[in-house]
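Commentary on secondary and tertiary structure
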Amino acid sequence: MLRMSFLQHLEELRSRIIKSLIGVGLAFGGSLLFSQQLWNVVVQPARGALRSLGYPENLTQIEPMEVFNIIWFKLPIVCAIFISCPWLLYQVWAFVSPGLYKKERRWAAPFILSGAGLFIVGGLFAYFVVFRFGLTFLLGLGRGNYVVPMVTITEYFDLFVNVVLGVGLVFEMPVIIFFLALLRIVTPGFLLNHSRYAILIIFIIAAVVTPTPDVFNLMLFALPMCLLFYVGIFASYLLVLHRENRRFPWKPTLTIVIGVLLLLAGAVYVAVVRYGFKLVPHWPFLTR
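All values reported here derive from a predicted model rather than from experimental measurement.

**Thoughts on the overall build of the protein**
A count of helices and strands for the protein gives 12 helices and 2 strands. In the protein, the succession of α and β elements from N to C terminus is α-α-α-α-α-α-α-α-α-α-α-α-β-β. Here the protein, with 288 residues, has 36% of them falling under the buried criterion. Considering only contacts in the protein between residues 6 or more positions apart, those separated by 24 or more positions represent 76%. Entry remark: accessible area of the protein is about 17,500 Å², with carbon and sulfur atoms responsible for 71%.

**Quick notes on the packing of aromatic side chains**
Following the criterion strictly, the structure yields 12 aromatic pairs and no others. On the basis of an interplanar angle of 40 degrees and a centroid distance of 5.7 Å, the ring pair of Phe125 and Phe171 is categorised as tilted. Of this pair, Phe125 sits in helix α6 (residues 108–140) while Phe171 sits in the loop between α7 (153–170) and α8 (173–182), placing them 46 residues apart in sequence. Considered together, Phe125 and Phe171 belong to a single accessibility category, that of buried residues. Taken together, the ring pairs in this structure connect Trp39, Tyr127, Phe128, Phe131, Tyr156, Phe157 and Phe160 into an aromatic cluster. Above the plane of the ring of Tyr127 lies Arg132, whose end atom (NZ or CZ) is 4.8 Å from the centre.

**What to know about a nonpolar patch on the surface**
A surface patch of nonpolar side chains, amounting to about 660 Å² of accessible area, comprises Val268, Tyr269, Val270, Val272, Val273, Tyr275 and Leu279. Element by element, the count of residues in the nonpolar patch is highest for helix α12 (residues 250–273), at 5 residues. Looking at the element boundaries, Leu279 is found in strand β1 (residues 278–279). For Leu279, a relative accessible area of 62% puts it in the exposed group.

About the thresholds
- The residue count restarts for each chain, going from 1 along the sequence in the order it is written.
- Given that this is a predicted model, residues contribute local features only at a pLDDT of at least 70 and side-chain atom pairs are listed and counted only at 80 or more, while totals for whole chains, interfaces and linings are drawn from all residues.
- Based on all heavy atoms of the structure, the side-chain values leave hydrogens and waters out of the count.
- Strands are runs of DSSP state E lasting at least 2 residues, helices are runs of H or I lasting at least 4, and numbering of each runs from the N terminus.
- Accessible area is worked out with a 1.4 Å probe on protein chains only. A residue is then buried under 20% of its type maximum, exposed over 50%, and partly exposed in between.
- Should any heavy atoms of two residues lie within 4.5 Å, those residues are counted as being in contact.
- Areas reported here follow the Shrake-Rupley algorithm with a probe of radius 1.4 Å; residue values treat only the protein chains shown as occluding.
- Aromatic rings from Phe, Tyr and Trp, taking only the six-membered ring of Trp, are treated as a pair when their centres fall within 6.5 Å; an angle between ring planes under 30 degrees marks them as stacked, one over 60 as edge-to-face, and anything in between as tilted.
- Any Lys NZ or Arg CZ that is within 6 Å of a ring centre and within 35 degrees of that ring's normal is treated as a charge sitting over the ring.
- Exposure above 30% relative accessible area and no salt bridge define the residues that can form patches, which grow by joining like charges within 9 Å and nonpolar side chains of Val, Leu, Ile, Met, Phe, Trp and Tyr within 5 Å.
- Salt bridges are defined by distance alone: a side-chain nitrogen of Lys or Arg within 4 Å of a carboxyl oxygen of Asp or Glu.

In structure tokens, the structure reads:
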């Protein structure tokens, strides 16, 4: 293990922050070239929600600088964060890795790839599922009460960023748990023994982050978080097995998983062919 003084740690931290900002800046410049196309993607949930409720599909501009600030400044920044997340995670790993053993530094690639992948998957889950359902629910509250929604571009984009980035960060839970286990701060046994407290905290976070107060959207957000929590425990358990030179029984486990997936695929096939269901590119993905 390398030994560094306090000032060396500060210098290393400064260097990593500067490199992270440079990476985000380059991604921002690239995103700026496609601002209009990115906005067309971001505005789709609003257009879909307004269309389904029978309202015009347009957002409202109140201040002269709103469109410029959102489309050509804030939106490229958010996009740059998603694009540069592998680079940002590498800088985090590079800052921490000197305090790890040599054999533990080999986890760099899995840490970066899984962290970036989960962040992007979380953002996509928020975009295609959580945000669309939540927005339709919120805009539909005024129907029948003589209320017509007037959604401003600023309020819409702020809600969009809060939900997408919030869910993306929450999807980092397995990586955070694995990282804590790598540093020997927590163990899989400790996490399992206190899982009831973790689930309680997850539901509290879901209640705060979810944009709507209904139980359906709460469960839609909380259940994947609980699943990710146990995925993180499983990843930390694999780490412990690796440290103890033991192997996980992958063959029987994969056999069971593949069998379950085949049964689910068969059930979907029967529902489509025999009962007239159709596959659709949005939740619940199977409808008549």
